[in-house]
Structures are given as C-alpha cells and as structure tokens.
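Below are the chains, spelled out letter by letter.
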Amino acid sequence: MKRLLLPLCLSGIFCQKIIAQINTATEQKITVLIKKMTLAEKINMIHASSSFTSGGVKRLGIPELVMSDGPHGVRPEHGRDWDKDLNVNDSGTYLPTGNALAATWNPALGYQFGAVLGSEAKWRGKDVILGPGINIIRTPLNGRNFEYLSEDPYLISKMVIGYIKGVQAQGISACVKHFAANNQEILRNSINVTMSERALREIYLPGFKAAVTEAKVNTLMGAYNKFRGQWCTHNSYLINNILKKEWGFDGIVISDWGAVHNTKEALENGTDIEMGSEFTLKSWTDYSKFYLADSAVASVKMDKALLDVLVNDKVCRILRIMNRTNMFGKRTNGEYASKAHSSTALKIAEEAMVLLKNESKILPLEKNKIKTIAVIGANADKKNGYGGGSSQVKALYEITPLAGIINLIGNSNINVLYAQGYTIERNATANNSLIAEAVAAAANADVVIVVGGWTHGYNYNVWDDNAYDAEGVDKPNMDMPFGQNELISAVTKANPNTIVVLIGGCAIDISQWEPNVKGIIEAWYAGMEGGNALAKIIFGEVNPSGKLPVTFPKHLKDCPAHVLGEYPGDSVNVKYKDDIFVGYRYYDTYQVAPQFAFGHGLSYTSFQYSNLKVQYANKKASVTLTIKNTGKVAGAEVVQLYVQEDTPEVKRPAKELKAFEKVFLKAGEQKQITLKLTENAFQYFDETKMRWVMKPGKFKVLAASSSIDVRLVKSVEVF
Ligand code: BGC
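Keep in mind that what you see is a predicted model, and the values were worked out from it rather than measured.

### A few points about the site of the ligand
(1) Moving on: Taken together, the neighbourhood of the ligand is formed by 14 residues, with Asp69, Arg144, His178, Asp256 and Glu471 sitting nearest.
(2) Moving on: Taking Asp69, its side chain carries an N or O atom lying 2.5 Å from an oxygen atom of the ligand.
(3) Moving on: Between Arg75 and the ligand, the recorded distance is 3.1 Å, taken from a side-chain N or O atom to an oxygen atom.
(4) Moving on: Considered on its own, the ligand offers 310 Å² of accessible surface; in the complex 95% of this is hidden by protein.
(5) Moving on: Here the residues of the shell around the ligand sort into five nonpolar, two polar and seven charged.

This is the structure we're talking about:
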C-alpha cells in the first residue's frame, strides 16, 4: 500500500496549536481523507472492533488500531475474542514489573525496558502497548501496585520518560494509564475519588504530565473510577481542561475496557476510542451497542456540530498517531524473545533488587565457605509471569529463585536442600508438617534462604483466583499470608543464619520476625531472569544497587491513606484526606518511623558524600558533590537530592525528592556529580492562584542515601 501522510486535525477544538506545527502538505492530505469518510466510517474508528482493536476503514486503506497489554511484556494472544489462541508463538520476554523497574532508579534502564517492549509488540503486530501503569502507590494494599512505579511523583516522572521513549523509538505507541486517581482496585468500577487540587497537582498528576509533555506519549488510558463525581474516562476537567488544553496532548485517549458510561460525555469530554467487550452480545463482531457506536451516530445526526467538531477531532487524533507510528508505511519487524532481550531483563532485575538488611555482613555468601544451603518457601519455586490479571505474560522461560541458586552454584560441592514451608492456597494457614520439614532442612544447613512474600493468586489460569498482587483485588491487610510468620520464626530458631527474600509488589508486615533474621532482600516480581539476578546478588557476583521506590511501613496502621485519609472509602466515595502526605512525605513530616525508608537500599560497599555546593541563579540551582566508593568492591549509589523549605507559609512535606543520580564507582573511585534543580523543585501548587508558585526565602538542599539517611545539607536562598 502506498504510504499516506496523514496528520492532522481540521476542526478539533484543541488542535489549533498543533496545526501550526505541522506541514501544510500533510495537513491537506488528512483533510482530504477525512472529507472522504462517511459518518459511519468515522464512528467505526472510535470504538472497539474486537477485544483489542478499534475500527479501520478498509476502502480508504485505514487499518484497525491493534492494542495489547501490557506493561512488562506482550500479553498472550487471543485473537478477536477472549479465548486463548493455541499454536501461536506468544512466549516472549517477561520483564521485571513496574516497581522493580522503579527500584533501579536508573532512567537509562527505563529506556531499555521500553525498547524491549516496543520491539516485541511490533514483532507481534501490535500498534499500541498498554503500558506503562503509573498510578501513585498510595496504600500498600492496592492489588496493582506491582504494575505501578512509586509513591513519589518525581521518581515516576523520571522513569516513565525513558520507558515511553524506549517504546516509541520502536515506532509503537505507549499508552500511559490509568488517568487518573485509580489508586485502589476495590470498587474501582464505581468509586468516586475526591482530593484537593493541590494533591492532584503535586502528587497524582506529575507522572502523567511528564509522560505527555516530556515523553510525548502517543496514547493515554482513562481510568475506571470517578473523579469529583464524573467518570475519569470522560472527565471534562481531567481530559479536556488539563490533558488536552493545559498540556497540549495531541494523541488518543483510550477508555479503560468498559469504562465508558455515557455517549454525550464521551463525545464531549475527550474520550477518543471506547474499548471493552460487551459480554452480553452474542457475536464478537457486533460492537454496535457501544456508547460511541450507534448511539453516537444518533447524537451526531441530531446535532451536526458534534460531527464537525468532536467526531472529526477524535478521528483526526487517531489518524495522526497512525501516521506517526508509520501504520501506513512499512514497519521494520521488531525482535522477539531474543537473547538480547533476556539480557536486558537480567540487567534490570540485577539493579532492581534491594538489599534491605545485612547484619554481620551475612551477604554476600562465599561459595567456598558453605557446604549446605537450605532454600525454603513456596515462592522459591513459583513462576509468576502468567499472574496478575491483564498484565500477564507467557514467558519464554522463567528462572525461579530456587533455579537461579542451583544454576549459580553449578557443579560446586554445595548441597541445596529445598523445603516448601507453606502452601499458596486460598485460606491456607501455617502447616505444621511443612514447617517441621523446613526446620529440619534449616538445622542441617550452614545458611538458610527463605523466599516468601506475596503472590498474584492461586491458579494463574483462572481470573477468579487472583489474589493479593493482582488486578481487580486489593490485599485484605499487610500481613504475610499462608502462615509465613510462623514458618520464618521457627526457621530462625533452628538456624540464626537466615536470609529472607521477599517476592511481591509492595510492602509487607515483617515485624514479627525481622529482628531475628540477618539478611533481607526485596526481590519484587523480577521477570524471567529474576532467579539468576537474585542468585548473583546472594553470592556477590552482582553488588546490589536497588533502592526502595516506596516506603515500607512497619504496620498498615502507620500508613497515611489509612491514618489521615480514607481507604477504601464508603461504597460510593473515597476522600484522599491524606492530601499531599503520601509515602515518605507523611512518614518524615509526621515522624513515623518506617520499617525501611523510601530510597533505602544497602550495598556490599560503602559510599562517602562530600563537598556539597549549591549555586543558585535565575530560579535554578546547580548542585555539585563528590561521591566516593570507600569499600573494596565496585558498586553504585543513588544520590538523592531532597528539598526542604525553612519556614513555609503553607503546609509542606518535611522534604521532597527533586533530583537523583545513580553513580557507578569502582572500589576507591570518586566522582564529582552535578545535579540540576529547576524552579519547580522549590515550588508548591497554590490553589487560590491555581498555579505553581515559589515563595522567596530559605531552603535546604539535602544530599541523601535515603529519605531518612541525609548525608550533607546546604542552605540556599531562592528569589
Ligand atoms: C485494565 C487495563 C488493561 C485493560 C485491557 C483493564 O481491565 O484496567 O489496565 O489494559 O483491561 O486488558
């Protein structure tokens, strides 16, 4: 087919600014194309034509737009319906999940992650990959935290830019989701979220803003929930005012699946494509009952202005993105399930794992000093790629923690004893005979590695079996399920040389046994190479460099969403009374000691911070400091810069992350680094002026290794 040069919008209310940027020839072609289209053809493009496509116009050479989940790998194929396809090659790369990526604090890895995903999506014939998911981690209980990145808007913004650019450099669209305030799975299809304008601007929106204005994301997915009384997917304030007008988003707003509830609002409030499945329809080819299908045709016939302005704007956006992603030309092929992609998955997993505790330097283990290792825990032997809901991935292979340890010790003389310890089953509690077996293994070993934590559910083939870290559910509490507390307590009595590895998408209450174990590693859901990465860290082939992208509170009752705010709200509304005090912004300001602070992560070496200098001019600051590796092995430190206002006029968090850099240093090496603080680093959102403001006065710049491990401080006067 001859390549058509499409963009742009002819009459859309938000397109003026964009039109000015495009070349006239292109504009004319799109004008001509839209003029040739009938109303039915236009409407056909703005709703689903199958489970993961929206309509095309064959006669004009406009293809369907093909979408696929998800955020850490391309979802298994199920054709146009929801029945899994057999005999197709859909076993690909399973990347570490969102919060693991964020734990690397390495934006360059964000790009590599996105590039793998974009390339695999392209190979699989997709146009849009439905990720990244970047909702703020407001409570440890949210079932989808594992897909999301962080509690901190700045960290999210930096990681998301790389991810999106990586995907889109492959000529595939990313789809940032779920816009906005979708921070719990309980009642996600009905709950109405309210919060202050300041919390919205300072906490919940910056990641999306960075995705749109800096990463230039092509598509965005509206959330299921309501915001201030109106469904997010057709929320006039969020989509028309903020996303399209303020931020100048020129791409496509896709509804979450089944998130549209009203034709008029969807037409008027910026929903460009309605996706989902009408499960009551007899035929998978009939999408006529969608809100943006027959009933949209009827509305438009009654009011022709709707067609000229709103429908044309939606079609124009779709054509623009189709053109931008070369859907009318010939694409390169992409690469699938390649060795290079596995290596990227490994690299990310290695940098993602966080060494939380390392008493008496129990880690790294030395191969030649160990005769027997006991590996304990059902999670040590569990594959997770297929779990979690819409983000499920059929992994080409998946190295479990147990397999990774066995791989690494190879044919050395170390003896590995494995004991399951607990069962991952609905309502399972402590199992005395499994505990006894584990205790016997522990007693016979030099060192014990318990692999525990969360799971995506029970049988990953059954949606109703989703539990804990999964779509559609939240965790019932923060307690370790399946009798793991009893197991770990018994094991540590049998052998104090115990290291616990936590699998999961967020914090878990470890208070019952934490003082009794020597080492703790947070391993997340670390993708297909997770077990290899873990083993390399345990045996010191990789020096851990991950840092927590979320605070690990001691107990659920310490969490701001639960103490100050509401969660999950009543059956209708949830009010975010915790306001801007999300994550460490709360713990640090209200002086609640966490189990492990935001930004915490140990290394097998040590780092010294010195020579902090802050130079301020033109509302920006340039911050330099020297960082030295003072230990015996190479390693990486994430230098975090927090900003603190001395005497704020409005309530402000004790500190806020405003810059960071991951610095790689050989043993004994030192580097001077320079970090930039923009004007925004000193600002807050003023609700009366409805804009960001900076109050002239004194601030402190804190150079820190975590939000509570501040190494150097310098004052700066801003004006
Ligand atoms: C999820 C989205 C997902 C979509 C398509 C929805 O239920 O919330 O994140 O992309 O389904 O599978």
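There's more to say after this.
### Examining the state of the cysteines
(1) Moving on: Within the structure shown, the criterion is met by zero disulfides.
(2) Moving on: Just so you know, Cys175 is unpaired, no disulfide at all, and the nearest cysteine sulfur is the one on Cys232, 14 Å from it.
(3) Moving on: Under the relative-accessibility criterion, Cys175 is labelled buried at 0%.

### Let's talk about the packing of aromatic side chains
Each aromatic ring pair is summarised here by two numbers: the centre-to-centre distance and the angle between the ring planes.
(1) Moving on: The tally for this structure, following the rule as stated, stands at 25 aromatic pairs.
(2) Moving on: Within the aromatic cluster, the residues linked to one another by ring pairs are Trp105, Tyr154, Tyr584, Phe598, Tyr642 and Phe660.
(3) Moving on: Just above the ring of Tyr576 sits the side chain of Arg138; from NZ or CZ to the centre is 3.8 Å.
(4) Moving on: Taking NZ or CZ as reference, Lys475 lies 5.0 Å from the ring centre of Trp454, over its face.

### Considering the pairing of strand β26 (residues 709-718)
(1) Moving on: Sheet topology places strand β25 (residues 697-706) next to β26; nine bridges connect them, and they run antiparallel. Counted as the bridge partner of Lys698 is Glu717 from β26.
(2) Moving on: Count of turn residues in the β25/β26 antiparallel hairpin: two residues.

### Re the packing of helix α13 (residues 339-352) against helix α17 (residues 530-538)
(1) Moving on: As a packed pair, α13 and α17 sit with axes 8 Å apart at the nearest point and diverge in direction by 45 degrees. On the basis of their axis angle, the class for α13 and α17 is oblique. In terms of crossing hand, the pair formed by α13 and α17 is right-handed. Contact with α13, carried on its side by Leu346, Ala349 and Glu350, involves Gly530, Asn532, Ala533, Lys536 and Ile537 of α17 and no other residues of that element.
(2) Moving on: Here the contact of α13 with α17 is built from residues that sort into four nonpolar, two polar and two charged.

### A word on the packing of helix α14 (residues 401-409) against α17
(1) Moving on: Put simply, α14 and α17 touch, their axes get as near as 7 Å, and they point 55 degrees apart. The orientation of α14 with respect to α17, classified from their angle, is oblique. Where α14 crosses over α17, the handedness of that crossing is right-handed. Across from Pro401, Gly404, Ile405, Asn407 and Leu408 in α14, the residues of α17 making contact are Gly531, Asn532, Leu534, Ala535, Lys536 and Ile538.

### Some thoughts on the sheet that holds strand β9 (residues 230-231)
Through backbone hydrogen bonds, the strands of a sheet pair up, either in parallel or in antiparallel fashion.
(1) Moving on: Pairing within the open sheet is mixed, and its four strands lie in the order β9-β8-β6-β17. Single-partner strands in this sheet number two, and they are β9 and β17 (573-575).
(2) Moving on: Here two bridges tie strand β6 (residues 192-194) to strand β8 (residues 226-227), and the two strands are oriented parallel to one another. By the bridge assignment, Val193 is partnered in β8 with Phe227.

### A look at unusual backbone geometry
(1) Moving on: Each neighbour pair has its own omega, and for Leu363 with Pro364 the value is 0 degrees, a cis peptide bond.
(2) Moving on: Checked against the element boundaries, Pro364 lands in the loop between β11 (354-358) and β12 (372-376).
(3) Moving on: At Asn326, a residue that is not glycine, the phi angle is positive and equals roughly 60 degrees.
(4) Moving on: Note that Asn326 resides in the loop between α12 (304-324) and α13.
(5) Moving on: Taking the relative accessible area as the measure of exposure, Asn326 reaches 22% and is therefore partly exposed.

### Quick notes on the confidence of the model for the protein chain
(1) Moving on: Averaged over every residue, the pLDDT of the protein chain is 94; residues scoring 70 or more account for 95%.
(2) Moving on: Scored below 50 in pLDDT, residues 1-21 shows 65 contacts in the model against residues more than four places distant or in partner chains.

Here is what the cut-offs are and how they apply
- Residues numbered from 1 in each chain as written.
- Predicted model: local features only at pLDDT ≥ 70, side-chain atom pairs only at ≥ 80, totals over all residues.
- Heavy atoms only, no water.
- Near = heavy atom within 4 Å.
- Polar contact = N/O pair within 3.5 Å; in protein donor to acceptor, adjacent residues only side chain to side chain.
- Areas by Shrake-Rupley, 256 points an atom, 1.4 Å probe, with all protein chains shown as cover.
- Nonpolar A, V, L, I, M, F, W, Y, C, P; charged D, E, K, R; others polar.
- Disulfide = S-S within 2.5 Å.
- Buried < 20%, exposed > 50% of the residue type's maximum accessible area, 1.4 Å probe, protein only.
- Phe/Tyr/Trp six-rings, centres within 6.5 Å; stacked < 30°, edge-to-face > 60°.
- Lys NZ or Arg CZ within 6 Å of the ring centre and 35° of its normal.
- Pairing = 2+ DSSP bridges.
- Helix = DSSP H or I, 4+ residues; strand = E, 2+ residues; numbered from the N terminus.
- Axes fitted to C-alpha atoms, helices over the stretch in contact; angles between N-to-C directions.
- Parallel < 35°, antiparallel > 145°, perpendicular 65-115°, else oblique.
- Left-handed = near helix turned anticlockwise from the far one by under 90°.
- Contact = heavy atoms within 4.5 Å.
- pLDDT = per-residue confidence, 0-100.

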